[in-house]
Each structure stands twice: as structure tokens, then as C-alpha cells.
Amino acid sequence: MCRSDVAAAVALALACTLSHAGPGTGKAPTWPGIGRPATPAEIRAWDIDVRPDFKGLPRGQGSVARGQDIWESKCASCHGVFGESNEVFTPIVGGTTRKDVQTGRVEALAKGTEAQRTTMMKLSTLSTLWDYIHRAMPWNNPRTLGVDDTYAVTAYILNLAEILPGDFVLSDRNIREVQALLPNRDGKSPRHGLWLPTGKPDVRNVACMRNCAPDVKIASSLPDHARGSHGNLADQDRNRGGLRGQVTAASATAAARGGEFAAVKELTGKAACLGCHGVDRKIVGPGFNQVSEKYRAKDNAEAYLAGKIKAGGQGIWGQVPMPPSVTISDADAALLARWILKGTPE
Amino acid sequence: MVSLSHPGRLRRAPENFLDDAQVRAVQSGRRDFLRQALVAAGAAASTGALAQATGEKLILEPQPHATTLGQPVAATGYGMPSKYERNLMRRESPGLTRVSAASVAFSPLQGMFGIITASGLHFERHHQGWHDLDPSQHRLMVNGSDETLLKRPSVFTIDDLMRMPAVSRMHFIECGANTGMEWGNVAVPTVQYTHGMLSCSEFTGVRLRDVLDFCGADYRKGRYVLAEGGDGSGLTRTIPMELVESGEVLLAYGMNGEMLRPENGYPLRLVVPGVQGVSWVKWLRRIEVGDQPYGAREEVMHYIDMMPDGTHRQYTSIQECKSVITSPSGGQTLLDRGFYNITGLAWSGRGKIRRVDVSVDGGRNWRTATLQTPVLSKCLTRFSLPWVWNGEAAILQSRAVDSTGYVQPQMRQLRAVRGTRSIYHNNAIQSWKVAPGGEVSNVQI
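Here the structure is a predicted model, which is why all the values come from computation and not from measurement.

Peer 1: What exactly am I supposed to notice about a nonpolar patch on the surface here?
Peer 2: On the surface, a cluster of nonpolar side chains totalling about 270 Å² of accessible area is made up of A:Tyr304, A:Ile316 and A:Trp317. With respect to the helices and strands, A:Tyr304 occurs in helix H12 (residues 301–311).

Printed below as a string of C-alpha cells:
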């Protein structure tokens, strides 16, 4: 395409670099100087999605046994040792049967016999599970599991769900056969009108104007005991004009302001502490009251706990490890430690 | 004798003659106390005693703000709401989620005016927490699922994107799970929690279609786009190419005249008008053109609609026509009988709002509300209807009709098709009961 004229070649190369819109693209906008080509290495680094037909799945393998090791060190703190925990997230396994593995439909979904829908009850494409573990797990430290680790964790979950045997090694070569064992593989339908704006609605009302509903009965209302469930509604409204928020609980406005521990609420939220620790009860880890009782009389308790908050730990309160809190500063860890030792004051 | 039941008579707002303690008594539901106060005040007014007395101190005496020097300009470089507005905040619904980094904060619709959501009150939904990204370190990659689907895989900086031709458009964004807690029965008390995963802004950005043209996308084969976020969840959603081709899908950096807020995806998010919020991928880092839907986690595990037979509808995306009365609404108390302006919001993911009807008798009879301009496609529309409350029980409802002729359904009609076990896409008519005492509460009929 370039002539031997050096100056012309340089000019053309420059133009190509600036616009990288080659000739003959027709309607493509001309925006010289905008954007640059993505390099193959950059595309490999970011294009990690895996589709239901397994396009994008990298080669690799992982055993159930290896998956169990990873699970217990990196996953069980939130999901429970058997993937059954309902404390931090909804359970991963449960609610599926051997019969479902044969039929490809989860019977409990149709019958409504399970109180909750677990991951394995809903999962219809194995690519989804693999892709999500690889891109987003562990939850507080995503994208730290390698390809083989991802195969291993996926295999272990399927073993917990009694889909794969304990000696199985999942790989890119046998993953399609495993897809054919998913209990809910035929449980999804794209046949509905909610995919595109031009889709056909499934529910039809008519705009009647007079004497439309002769028998109006209240079928559901909020029970009295739930009146204060969302705090004091009077504190949640502007309270100007002809309306006022109802007084449904003691005002929280005064308690929420000022004090040494004013920043604690935001901190515990940021570090997701309360998913695993109750203020006054054990969840996955010990309750803050238990921690306070154990350490408050000890020397250097604050520094010790602050270190534990930062670094995580295992073995003192049980075998489920606490992951490190990489986003918490030293000062904030000390504040949290002080707050816990003082009995989590308001 | 004062007539309290005379319809259409405008009464003084109660704060004119009720002190704070008395207003609090009304808020707490002790209306008998108010009745006595009303009669006493009314009697006083009718004899002219109040009008002829000294009058209100705040009028008769100079006030501090009128007799002292106020604060200088730029005392706060970025202005904040009045301290008297602190009640209106984004709030979590207690017990809805267990981890606040994968949770929802609802917009206080009960206190909002017009159709634009103040950026600080825009609802929040994060899947793995939010970050405040440095825009100079942010990149958007555009590629194909293979080299045949897009000729020129490219990387753009925020500088690049802000140099491209831009458009600004007003659109609503609603989470697919908005009103999801109410599929089975009444679960939450106020419109903030029933409908507050809803906001509306003016978004500024580049048409995705232009960028795909620039990169040489193959529209014949590439009928889907994958949008991917740059947060820890790397959230992905499939967007049908029809939506991109319409020119409506934007790569947006602006919101309400400034840059996006960090909680809303700063510095770049996808805007997919009419489609549920999860597809408006935040901290957008990558667009991929493909020839199949991607079966992402938020398309297989969540944002799927459970049907009575146990199947899940997958890729349900459009937010169908819906409306809600925001004032009076659940958790509020009407201070007095007399005139009220019933007002609320209507929207449709399929186009414009054509009409909104309002009922005060639980759906027996309806009157057509006034639509305030502008009425824009896939944007909130504000409606209102004057109402004189006579002190009797009432059930307030609104019912929207969109430009396709679709009429917002009743709860029982939705349930007849989709059952009660779904979480998503509940666009049913909302009912607010007004008790004779003035308390407004969330009910289903």
C-alpha cells in the first residue's frame, strides 16, 4: 500500500497510527488522534470471559482434592466448609438430587419445596460458574485464583453437590461432558418478551375508568410488629408540607453523630466485618463480645487485635480462616480494635 | 362552628398553630389530640382573636439571619444541601442483604421533586464494593470475541472518549429487582424501599454505535455486545446489538452536568435506556462484540425470572411501564383534612408515558392525572392530581399507559402469569391505604 517515497510512507504511517481506521470502512467516523490499537497481550489480559459454548476457556485442569485445599483456605470462611453456609451469602449447594442430574431440571424449583434457591439449583451453564470464580473470587481478593485453581475449585463444588466423584479431575477436555450433568441445565427459557423493547408483553391490563373493581379487599399489609423494622420513618422524610413521616421507633439522629467511634460503622461496612462477626454472637468467626472478653485484660491487646484485623488468622477460634483486610489502614485497624475491646459502644 | 368536612376548603397548615410537640403527637398517631387543637384554633380564628393579636414573632421581630452578616462566597467549594434536609438520604433496607459491599441503597423518592434525581441521592447497587478510580489510569478496550467480529481492537483513554462527539440525554435507571420484595406480600413500609432502586439523570457520553463503527464491528455476525466492569466483580452483561444500533446506548462519563459519581461508575459507565440497571455496567473497562449471548453470572444466577413451573426466564431485561404515587405514600401521615396534591412518577422501558390515571378508591374509579413536561422516552415523567381528603379511608393507586398502548398491570394479573416466587420485574400498580387517622400505609389488594 505504501509507495517507495519515504516521506509519503511516513505520512501515511502517521495517519494510520493516529486514526488506525484503514481505508474502505465506509461509515466509520474519522477521528484522527483518538484511540490506539489494543495489543495481543492486552487483549489476552482482559478478555477473560468464557461463554456457554466454552469459547474463551483456557486450557488447564484441577482435581477435586486440590479444590478442597483451596476451598478450605480461601472460600470456606464465607461459604462454609461444605458450601452450605447461609450466613454471608446464600448456599452454593443443596436442593438438587440424582434424579435432577438425569433429567436436567431441578424438581424442587417446580415444587417450591426448598426455602432458598442455591447456586446449584439455578446453574444451567458450567461456563458461568468457571468464569465467575476466575474473575471475581475470592470475594475480597478477586482474580488471584489461577486457571488450574479455578478448575479445581469448580470440580470441588460439583463434588460437594454430588455431581462429580471425589477422584475427578476437571479439565478443558472433559468440561462439556460435565456440563451435561448439571441438574438445572434445561431449566432456563429465553422465550419471553422482555429481552428487546419490541418484545411482546406477557400481561395485559385494560385502562378501565368507571366501576372497575366492585369488590376491593385488602389482601396484604405490613403487620404491626414490623412497624419499626425500617427505623423511625419520621427521620426519613422531609417533614414539610401537609405530610409527616410516622414515628415508628426511637429517633436515631442523636446517636448517629459524633464520638470517638463515629467512623466505625463505615469501617465495618468497608471491610465487610459483620458478614462473619456478630456484635454479640458468633457467626462464622467469633462475636465481638467474645473477642473483647478474651483480650480486654491483656497487655497490648489493642495492637495485637489491630494486627489480627490486618493480617487475618486461623486456629484460635476455629479452623475457618479469617482473610487479611488489605483495604484497612493501621490507624483504622487500631480504632476497630479499640472499639471491639470497649464492648462495641454505639 | 367550624366545618371540618367542607370539601375544597383550604385550611391553614397546622404548623401555623400547632407547636412542635403537637406536630409530633400527630406523627405518633395521636390524632384525637389534634382534633381538639383544630377545633380550638378554628374557633379562635373564626372570632378573629388570633388575627387581631400581635402576630407571629418571626414576622414582627427582626431575625438573626436578617440582622447579621452571612457567610462569604465559596465557603463550601462544593455546595451541600441544607442541614434541614438531612432526613432525605439513601438507605439500606434492614435484613435485605448481609454484606454491605454487595447491597442496595434506596433513593428517598418520598421527598423528591420533578424527574431528576440529585446525584448524591442516586440509588446504589454494587456487586463487590465501589472504588474511586483515577480517570487517568482508566482504559476502555473494545475487541471482538474473535478477530472476524471487529476489525480494529482498540484501547481508549478517558481523554479519547471526551474528545469524541457527545450527546446528553435524560433517562431513568431502575434495578430489575426494584419492588422485588413485594412479589409475595407487603414487605416494606415506604416508597423509598418499595420503589427506590429508581433514579433519573441527564447522562452525557458517546454513542457506543459510533465507537463500534470506528473500530469496524461486523454488525451482520456480531449481534451481541458484552459489557465488562473494572471492579472486583468484573461484572458482565450481554446487550443485544439492536439496542446499540438504535443509537441509544451510550458510553457515559457525565451525569447531571458533572462527571459520574464514584458510586455510579466514575469515570465511565454504560447507559442502556429502558433496560434494567445491571446492564448499565459501571467502571466500564471493556466492550466485546460477539455472535452469542454470554451467559454471565448476572444472566444465569441472578436477574432471572422464576416462573410458576420452576423454569427461569433468562435475559429478561426491559423495564416495562410502571408508576408509583410518591406523595402521599407509605409511612407518611396526612396532618389534616383538605387539599393535597397527589403526585408521583411514571416510566416505561419501551417508550414514552402516554397517560397516567389515579384512583383514590382502590381502583373502582379512575381520573386522568396531569403529566408535567418534559415527557421523554425512557425517562421519568412526573404526574399530579388535585385531591381533597375528607377524612375517610382511601386507597390511592396510579396506573400508567405507555406509547405502545401497554397498561401497567395489577398485582394479581402479574401473579396469574408469573406466580409469586420471582424477584425481578415487578411493575404492578402500587396501593397506599389512607386510614381515617391520616396514616398512609403500604397494602396490596
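Peer 1: Would you take a moment to explain the interface of chain A and chain B for this structure?
Peer 2: Interfaces are often sized by the amount of accessible area the parts lose when they come together. Counting from both sides, the interface comprises 107 residues of chain A and, opposite them, 134 residues of chain B. When residues of chain A are sorted by the area they lose upon contact with chain B, A:Trp46, A:Leu194 and A:Trp195 head the list and together hold 9% of the total. The interface formed by chain A and chain B includes 8 salt bridges. Where B:Glu228 meets A:Arg135, a salt bridge forms, and the shortest distance between an N and an O atom there is 2.8 Å.

Peer 1: Help me understand the sheet that holds strand E21 (residues 381–389) of chain B in this model?
Peer 2: Each strand in a sheet pairs with another by means of backbone hydrogen bonds, the pair being arranged parallel or else antiparallel. Residues and elements named next belong to chain B. In spatial order, the strands read E15-E17-E21-E20; together these 4 strands make up an open sheet with antiparallel pairing. At either end of the open sheet lies a strand with only one pairing partner, and these are strand E15 (322–327) and strand E20 (370–371). Bridging between strand E17 (residues 338–347) and E21 involves 9 bridges; their strand directions are antiparallel. In the strand pairing of E21, asparagine 341 is matched with proline 386.

Peer 1: Please explain the packing of aromatic side chains as it appears in this structure.
Peer 2: By convention here, two paired aromatic rings are described through the distance between centres and the angle between planes. Overall, the coordinates contain 14 aromatic pairs over all chains when judged by the stated rule. The interplanar angle of 35° and the centroid separation of 5.0 Å between the aromatic rings of A:Trp31 and B:Phe214 together place this pair among those described as tilted. Taken together, the positions of A:Trp31 in the loop between helix H1 (6–19) and strand E1 (36–37) and B:Phe214 in helix H8 (residues 208–215) put the pair across two chains. Comparing A:Trp31 with B:Phe214, the two get one shared label, buried. Residues A:Trp195 and B:Tyr224 carry aromatic rings whose centres are separated by 6.5 Å and whose planes lie at 20° to one another, so their mutual orientation is stacked. On the criterion of chain membership, the pair formed by A:Trp195 in the loop between strand E4 (188–189) and strand E5 (220–221) and B:Tyr224 in strand E7 (residues 224–229) is interchain, its members lying in two chains.

Peer 1: What am I meant to see in the side chain of B:Ser93 here?
Peer 2: Considering the arrangement of structural elements, one finds B:Ser93 in the loop between helix H5 (64–67) and strand E1 (104–105). If we skip the residues at most four places from it in the chain, B:Ser93 touches A:His230, B:Phe106, B:Met181, B:Val188 and B:Tyr193.

Peer 1: What's the story with the pairing of strand E6 (residues 198–207) of chain B in this structure? I'm lost.
Peer 2: Side-chain direction in a regular strand flips from residue to residue, so the side chains alternate between the two faces of the sheet. Residue and element names in this part refer to chain B. E6 sits mainly inside the fold: 8 of its 10 residues count as buried. Relative to E6, strand E5 (residues 167–174) is paired through 8 bridges, and the arrangement is antiparallel. Each bridged residue has a counterpart across the sheet, and for glutamate 174 the counterpart in E6 is leucine 198. Here 5 bridges tie E6 to strand E9 (residues 250–255), and the two strands are oriented antiparallel to one another. Bridge pairing links glycine 205 to alanine 252 in E9.

Peer 1: Got a minute to help me understand the nonpolar core in this structure?
Peer 2: As a rule of thumb, soluble globular proteins bury nonpolar side chains together. Membership of the largest hydrophobic core comes to 59 residues, with the highest contact counts inside it found for B:Phe156, B:Leu212, B:Leu251, B:Leu270 and B:Ile287. In this view, B:Phe156 contacts A:Ile34, A:Gly35, B:His138, B:Arg139, B:Leu140, B:Val142, B:Leu161, B:Met164, B:Val211, B:Phe214 and B:Cys215; residues no more than four positions away in its chain are not counted. Counting residues in each nonpolar core, the second largest holds 46 residues, with A:Ile92, A:Val101, A:Leu145 and A:Leu164 among its members.

Reading guide: rules and limits
Residues numbered from 1 in each chain as written. Chains lettered and ligands numbered in written order. Predicted model: local features only at pLDDT ≥ 70, side-chain atom pairs only at ≥ 80, totals over all residues. Heavy atoms only, no water. Patch = residues over 30% accessible without salt bridge, like charges linked within 9 Å, V, L, I, M, F, W, Y side chains within 5 Å. Areas by Shrake-Rupley, 256 points an atom, 1.4 Å probe, with all protein chains shown as cover. Salt bridge = Lys/Arg side-chain N within 4 Å of Asp/Glu carboxyl O. Helix = DSSP H or I, 4+ residues; strand = E, 2+ residues; numbered from the N terminus. Contact = heavy atoms within 4.5 Å. Buried area = accessible area lost by both parts, 1.4 Å probe. Pairing = 2+ DSSP bridges. Phe/Tyr/Trp six-rings, centres within 6.5 Å; stacked < 30°, edge-to-face > 60°. Buried < 20%, exposed > 50% of the residue type's maximum accessible area, 1.4 Å probe, protein only. Core = buried A, V, L, I, M, F, W, Y, C linked by side-chain atoms within 4.5 Å.

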